[in-house]
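For reference, the chains in residue letters:
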4 protein chains.
Amino acid sequence: MSADTSAPVFRGVVPPVATPLLPSGDVDLASLRRLVDYLIDGGVDGLFALGSTGETAYFTDEVRVRIAETIVDAAAGRVPVIAGAIELTADRVIETSRRLIAAGVQAIVTTAPLYTINSQVEIAAHFRRIAAAIDVPLWAYDVPVRVHKKIALETLMDLASDGTIAGVKDSSGDDVGFRRLVAANEAAGHPLQLLTGHEVVVDAMGLAGADGVVPGLGNVEIEGYARLWAAVEAGDFATARAEQERINRLFEIVFQVSGLSGDATGVGAFKEAMAQRGIIDHATMAQTVEPIGADARAAIGRILAALGLQAETAA
Amino acid sequence: MSADTSAPVFRGVVPPVATPLLPSGDVDLASLRRLVDYLIDGGVDGLFALGSTGETAYFTDEVRVRIAETIVDAAAGRVPVIAGAIELTADRVIETSRRLIAAGVQAIVTTAPLYTINSQVEIAAHFRRIAAAIDVPLWAYDVPVRVHKKIALETLMDLASDGTIAGVKDSSGDDVGFRRLVAANEAAGHPLQLLTGHEVVVDAMGLAGADGVVPGLGNVEIEGYARLWAAVEAGDFATARAEQERINRLFEIVFQVSGLSGDATGVGAFKEAMAQRGIIDHATMAQTVEPIGADARAAIGRILAALGLQAETAA
Amino acid sequence: MSADTSAPVFRGVVPPVATPLLPSGDVDLASLRRLVDYLIDGGVDGLFALGSTGETAYFTDEVRVRIAETIVDAAAGRVPVIAGAIELTADRVIETSRRLIAAGVQAIVTTAPLYTINSQVEIAAHFRRIAAAIDVPLWAYDVPVRVHKKIALETLMDLASDGTIAGVKDSSGDDVGFRRLVAANEAAGHPLQLLTGHEVVVDAMGLAGADGVVPGLGNVEIEGYARLWAAVEAGDFATARAEQERINRLFEIVFQVSGLSGDATGVGAFKEAMAQRGIIDHATMAQTVEPIGADARAAIGRILAALGLQAETAA
Amino acid sequence: MSADTSAPVFRGVVPPVATPLLPSGDVDLASLRRLVDYLIDGGVDGLFALGSTGETAYFTDEVRVRIAETIVDAAAGRVPVIAGAIELTADRVIETSRRLIAAGVQAIVTTAPLYTINSQVEIAAHFRRIAAAIDVPLWAYDVPVRVHKKIALETLMDLASDGTIAGVKDSSGDDVGFRRLVAANEAAGHPLQLLTGHEVVVDAMGLAGADGVVPGLGNVEIEGYARLWAAVEAGDFATARAEQERINRLFEIVFQVSGLSGDATGVGAFKEAMAQRGIIDHATMAQTVEPIGADARAAIGRILAALGLQAETAA
């Protein structure tokens with residue numbers, strides 16, 4: 001795996017595309033296409049298919065391929081598409097990755113091994129084995145809240161040094177560690193693109209040196225992130241902060257749901273707000289995630305109304 | 001899924017079958033057959049294929065099926081075979097389960113969802129969705145050190161009440177919780193078989209009311225566990241303890257490896273000892289687990305020698 | 001600190017003495033004396049003052065000294081008294097220890113440092129510094145659920161080898177680790193007394209080689225533990241198990257409280273049951289622990305009634 | 001406890017004052033005075049005595065009082081002094097607080113209870129009990145890496161609403177949570193001063209709305225933080241970032257120590273650098289923290305040299 005001048009670049013605003021479902025549980029392909037158009041029209045720089053926000057862990061590979069094909073087809077080359085290949089270990093990630101690459105995605109992102117108990121040396125070997133088996137750029141996804149281990153800074157920079165990985169999606173929740181990663185990456189000549197997954201501190205992460213953001217909340221309203229990132233790129237942090245603070249009032253939708261799981265309250269709130277705005281048709285969650293209740297739906301509606309976001313007249 | 005009088009019963013000594021590999025990384029089918037014979041000749045009551053000790057997380061489904069077919073074929077009906085279907089979420093577990101059932105296994109065991117962030121209600125729905133989709137008994141595998149969540153006692157007993165699960169493999173490391181589970185299971189009429197995965201406290205777990213054990217160390221020496229469990233069943237705890245203490249001196253092989261990961265030191269030590277005893281041909285670990293070093297191999301040899309276990313003349 | 005033939009020995013049943021409080025929050029000295037008599041009459045081998053069950057963390061040293069003096073005075077030499085000196089670090093533990101020794105306790109037990117971030121080498125130094133500064137036996141209290149670090153087996157045996165510690169109170173919740181500790185202690189000639197804090201698995205811990213138990217639940221009913229431990233000592237594990245199972249039905253009192261903290265549900269249930277039995281006058285908890293509610297109190301009453309334990313006619 | 005117009009305000013740069021020690025382990029009062037002068041001359045807005053960087057957990061109250069008196073005396077009213085009262089629970093915190101207030105400090109900061117297992121309701125009661133017993137402003141110190149529980153946003157805002165706490169020192173490592181706290185505090189009319197303890201992301205935290213910083217690294221070089229915060233206040237984030245990035249190269253001193261504990265590598269590196277710069281006389285650590293080795297000392301020297309920071313000609 002060596003860098004390629006024609007390789008797609010993922011930086012700026014690269015939202016994780018949610019996966020709209022029909023009440024039957026099948027993928028709502030029409031809503032998915034509409035969502036892709038909404039995001040691209042809103043000014044995104046790339047699409048992150050099959051991430052945690054996309055509920056990818058809940059789908060079989062057959063369903064994942066259908067989702068990837070639909071996103072790639074709907075994007076129609078307007079922006080590049082990177083896809084999550086979330087599986088237990090290297091050989092299984094490789095299988096899933098090849099299916100997604102055949103479906104047209106231009107880069108793969110995966111985590112450290114799941115379920116197994118590995119050292120950093122073994123985590124590095126895991127990424128190297130995958131990179132050697134696929135012919136598109138590989139990204140590392142650092143999300144300890146789900147993987148229950150952190151990919152060490154040294155591991156990431158080691159994987160950068162020989163071109164094993166092209167970037168990192170950082171959802172580590174560790175702003176101090178991210179700052180050190182930015183500094184190490186700069187010192188090494190910026191081999192990695194570093195995207196943050198923390199949608200409520202994008203102004204601060206932009207100041208800290210992030211190359212972009214993967215905002216789950218962007219599925220609900222993408223225009224704000226486009227403005228926010230433009231301000232970051234312009235070095236206008238006062239404007240970036242003002243936009244971030246507005247966005248963060250919208251993010252409060254995820255705190256309206258009580259008593260349910262993290263997946264139900266996070267993606268569940270996003271999907272409900274998307275449905276209320278008309279971006280997708282149904283707020284249906286993947287099996288076996290619990291639906292949110294009427295109170296939470298009403299509270300989400302009030303937040304949307306307060307921000308003037310009730311009805312999106314998407315494409 | 002309702003209980004079936006012809007359903008296989010898993011109790012007593014049900015070792016998790018290790019997966020011997022060739023230096024190439026392919027499954028060593030000849031060694032695997034020899035291992036199955038060794039275990040059955042040693043008096044086991046069932047076989048647990050594709051568990052953590054079997055390194056199942058590292059294998060593709062194609063490889064898993066080959067392993068399951070080989071174990072089932074080698075067992076030849078002498079003892080029943082249960083197999084782990086370790087995957088992220090229900091729909092993916094169902095796919096893997098169906099492949100393993102087609103390969104001949106007589107029951108499936110799986111964990112709470114991996115990677116996702118779920119409530120106990122969602123964990124219960126996960127098991128129910130799987131049970132509804134397969135036609136063999138389903139077991140729950142509680143292993144928080146790998147899954148990073150515990151299946152609650154209430155969830156397990158709820159899943160027992162309607163026949164969703166037939167048993168639990170408990171590797172929770174929580175003897176207090178296990179004791180409460182035993183009591184709740186007795187109060188409910190013993191709907192569940194409860195097997196412990198903690199191979200160094202089998203005498204105590206037997207006293208506490210376990211129905212059996214899934215001893216990874218049994219791959220290295222199975223006869224001791226047969227004697228130990230017979231003593232437990234006879235209520236002869238002094239004998240059980242003496243046997244356990246002898247076994248525990250053997251277990252020290254896993255503490256001879258330093259600086260490596262949990263997977264490398266645990267299964268790695270088992271495989272090395274198995275190879276030294278001649279039970280399998282190679283100590284090769286699954287990709288991308290680090291091999292143990294020469295010092296650890298020598299130390300393991302000394303422990304085997306001290307216990308008179310150096311050369312097993314298996315079938 | 002070298003071993004002393006006249007040193008007090010703590011083994012068998014050594015309950016952590018609860019601290020009865022008046023509704024004002026002051027120590028209820030009369031109830032405390034009655035409790036001590038109840039425990040000694042019930043056949044205990046020693047008393048563990050100022051442990052977690054004794055709510056010691058909530059009291060100033062002045063109050064702790066009053067509690068220790070009362071327990072020592074009430075015990076009147078019938079059984080030895082060991083006291084917890086729970087403080088952040090060595091020099092602070094030493095201060096508290098000296099006060100408690102002056103109050104008459106015959107041994108001190110303490111944890112690894114709190115709040116600080118230390119290595120095992122530093123934890124060992126911590127115990128050595130304390131042992132060098134006091135003239136009674138020192139015990140190690142391993143309770144990761146409160147201290148958030150585990151004292152390593154190697155550290156404990158190292159501290160045993162030079163007589164720094166005389167015993168371990170193990171509340172680690174790690175039965176596998178405890179089994180290894182028992183074996184290492186035996187191999188070293190039994191320098192340590194090993195007491196388990198897990199009151200619902202005493203039969204199994206006795207089988208595993210524990211030297212005794214520190215049962216918080218013994219404050220509610222001590223006679224069962226005396227019978228249980230006698231059976232363990234006699235090698236009659238069937239009787240031990242039957243007694244343990246009866247006791248464990250009583251332990252269900254701690255699961256009747258919902259929505260409160262661990263301290264409120266654990267010690268809170270004990271105190272409520274003690275008050276209902278007449279062993280102490282009030283169930284008042286230390287500041288700032290929430291009291292349990294009327295529903296939980298009624299449920300505890302039903303459990304006591306079902307076991308015929310409603311009214312203890314203590315001294 | 002109600003707000004007082006004459007109450008001291010802690011905002012801007014409020015470094016946690018390290019505690020210089022003599023090789024004997026006694027406090028090096030002369031170095032401590034010199035350090036206080038160095039910090040105040042460098043432009044700090046307040047001093048945070050007896051925090052984690054001050055190794056306060058390792059000292060008896062007698063020693064703590066001596067440290068507080070010295071800092072207060074050396075500060076001589078030039079800047080206000082807030083002191084950590086780090087103890088297990090409310091009544092013990094109150095005792096220590098009163099001693100420190102008698103020593104002259106103008107505000108107290110403490111954590112949620114240590115060792116105990118409490119709910120958020122109990123944590124709130126803990127702070128209320130302390131605030132009611134002292135006559136200076138109380139701050140909450142949120143440091144889950146040491147306390148092992150997080151103070152919830154709702155708890156903090158509840159404690160703000162009735163004036164129980166005047167501010168928060170946030171060392172939660174949770175930038176997303178901190179951002180929500182800033183927003184909630186603004187919505188409530190800014191009742192709390194919010195200081196971050198994360199010294200390597202001060203520019204980003206300033207952008208996010210922090211009122212100031214408690215930089216441990218400021219003991220090594222304070223001038224940079226003064227410049228950084230001035231830039232933040234001026235809204236000049238490009239300058240703030242440049243200064244932060246320079247500072248972060250200095251922070252690499254804490255990563256030069258390997259194999260030791262968190263306390264040894266963090267404060268240990270600070271003290272070594274302070275000693276090399278001549279700000280204090282000795283790098284001696286509190287008992288029982290391990291000293292760093294010669295290699296680490298040399299590496300720290302090289303980092304100081306590279307930044308032109310080798311010899312501070314302090315007062």
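Here the structure is a predicted model, which is why all the values come from computation and not from measurement. (Residues numbered from 1 in each chain as written. Chains lettered and ligands numbered in written order. Predicted model: local features only at pLDDT ≥ 70, side-chain atom pairs only at ≥ 80, totals over all residues. Heavy atoms only, no water.)

A. Summary view of the relation of the copies chain B and chain A. You can overlay chain B on chain A at an RMSD of 0.0 Å; the transform is a turn of 180° with a shift of 0.0 Å along its axis. Each copy turns onto its partner about a two-fold axis. In this assembly, 100% of the residues forming the interface of chain B have copies in chain A that are likewise at the interface, indicating an isologous arrangement. (Least-squares fit on C-alpha atoms with pLDDT ≥ 70 in both. Contact = heavy atoms within 4.5 Å.)

B. Highlighting the interface of chain B and chain C. The interface of chain B with chain C comprises 20 residues on the first partner and 20 residues on the second. When chain B packs against chain C, the two sides together hide about 1,900 Å² of surface, and 56% of this comes from carbon and sulfur. Broken down residue by residue, the surface that chain B buries against chain C is led by R179(B), R180(B) and L207(B), which jointly contribute 34%. Close ionic contact of R180(C) with E252(B) constitutes a salt bridge, the shortest N to O distance being 3.2 Å. Here chain B is connected to chain C by six residue pairs in polar contact (both at pLDDT 80 or more). Elements that contribute at least two residues to the side of chain B that touches chain C include exactly α7 (175-187), α8 (202-208) and α10 (237-251) of chain B. Of the residues assigned to the side of chain B that touches chain C, the class counts are eight nonpolar, five polar and seven charged. (Buried area = accessible area lost by both parts, 1.4 Å probe. Salt bridge = Lys/Arg side-chain N within 4 Å of Asp/Glu carboxyl O. Polar contact = N/O pair within 3.5 Å; in protein donor to acceptor, adjacent residues only side chain to side chain. Helix = DSSP H or I, 4+ residues; strand = E, 2+ residues; numbered from the N terminus. Nonpolar A, V, L, I, M, F, W, Y, C, P; charged D, E, K, R; others polar.)

C. Fine view of helix α6 (residues 153-161) of chain B. Turning to α6(B), its buried residues are L153(B), T155(B), L156(B), M157(B), L159(B) and A160(B). Once α6(B) ends, the next one or two residues include G163(B), with phi positive near 75°. (Buried < 20%, exposed > 50% of the residue type's maximum accessible area, 1.4 Å probe, protein only.)

D. How the structure looks around α7(B). All names here are of chain B. A rise of 1.5 Å per residue sets the reference length of α7, with its 13 residues, at 18 Å; its end C-alpha atoms lie 18 Å apart and thus fit the reference within 8%. Those residues of α7 that sit buried are D175, F178, R179, R180, L181, V182 and N185. After α7 finishes, the residue G189 shows a positive phi value of roughly 90°. (Expected span 1.5 Å × (residues − 1).)

E. Here's a closer look at unusual backbone geometry. That bond from Q287(A) to T288(A) is cis: its omega, 0°, falls within 30 degrees of zero. Here T288(A) lies in the loop between α11 (262-277) and α12 (294-306). Even without glycine at this site, L50(B) takes up a positive phi of about 60°. Relative to the helices and strands, L50(B) resides in the loop between β2 (47-49) and α2 (61-75). Unusually for a residue other than glycine, A76(C) sits at a positive phi of about 50°.

F. Representation of the pairing of strand β3 (residues 81-84) of chain C. Residues and elements named next belong to chain C. Alternating positions in β3 separate into two faces, V81 and A83 on one and I82 and G84 on the other, with burial throughout. Summarising the sheet, strand β2 (residues 47-49) and β3 pair through three bridges and their orientation is parallel. From the neighbouring strand, F48 faces β3, where its bridge partner is I82. Crossover handedness for the path β2 to helix α2 (residues 61-75) to β3: right-handed. Where β3 meets strand β4 (residues 107-110), three bridges bridge the pair, whose relative direction is parallel. (Pairing = 2+ DSSP bridges. Right-handed = clockwise from strand over helix to strand, strands pointing away.)

G. Structural context of the relation of the copies chain B and chain C. For the match of chain B to chain C, the screw axis carries a shift of 0.0 Å, the RMSD comes to 0.0 Å, and the turn is 180°. When the interface residues of chain B are mapped onto chain C, 100% of them again lie at the interface, so the same face is used by both copies.

H. Molecular detail of the pattern of salt bridges. Residues and elements named next belong to chain C. For the structure on display, the rule yields 96 salt bridges over all chains. A salt bridge links R33 to D73; the shortest N-O distance between them is 2.7 Å. Within this pair, whereas R33 is found in helix α1 (residues 29-41), its partner D73 is found in helix α2, the two being separated by 40 residues in sequence. For R33, a relative accessible area of 35% puts it in the partly exposed group.

I. Structural view of the pairing of strand β5 (residues 138-142) of chain B. Residues and elements named next belong to chain B. Among the five residues that make up β5, five are buried, leaving the element largely enclosed by the rest of the structure. In β5, alternate side chains face the same way, and those of L138, A140 and D142 on one face and W139 and Y141 on the other are all buried. Pairing between strand β4 (residues 107-110) and β5: three bridges, direction parallel. By the bridge assignment, T110 is partnered in β5 with A140. Regarding topology, helix α4 (residues 120-133) serves as the crossover connection from β4 to the parallel β5, and that connection is right-handed. Summarising the sheet, β5 and strand β6 (residues 167-170) pair through four bridges and their orientation is parallel. Looking at β6, one finds that W139 is bridged to G167.

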